[in-house]
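So the chains spell out like this:
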Amino acid sequence: MNKPNFWTDYADALELSVEGNRLIAQEIVGLGRGLWHSVVRLLDGVVRNLGQHQHLPPI
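Scoring rules and cut-offs
- Residues numbered from 1 in each chain as written.
- Predicted model: local features only at pLDDT ≥ 70, side-chain atom pairs only at ≥ 80, totals over all residues.
- Heavy atoms only, no water.
- Phe/Tyr/Trp six-rings, centres within 6.5 Å; stacked < 30°, edge-to-face > 60°.
- Buried < 20%, exposed > 50% of the residue type's maximum accessible area, 1.4 Å probe, protein only.
- Helix = DSSP H or I, 4+ residues; strand = E, 2+ residues; numbered from the N terminus.

Undergrad: Account for the packing of aromatic side chains, naming residues and giving values.
TA: All told, the structure shown has three aromatic pairs when counted by the stated rule. Pairing Phe-6 with Trp-7 gives two aromatic rings, centres 4.9 Å apart and planes at 75 degrees, and the pair type is edge-to-face. Its relative accessible area of 55% is what places Phe-6 among the exposed residues. Pairing Trp-7 with Tyr-10 gives two aromatic rings, centres 6.0 Å apart and planes at 80 degrees, and the pair type is edge-to-face. Highlighted residues: Trp-7 and Tyr-10, both in helix 1 (residues 6–52), separated by three residues, approximately one helical turn. For Trp-7, a relative accessible area of 60% puts it in the exposed group.

Rendered as structure tokens:
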């Protein structure tokens, strides 16, 4: 087996760096989606509650 040289070590490190950045970006996107869905659910609940109080008074 050949002794690893600078370029093979560099290529391995670059590959690991790219994969790490991909995993970090994937995690950030997942957190952003979760936050967005929470905001949408919150706003949906607020809008539904506002609509319930707009009824006519009893006659």
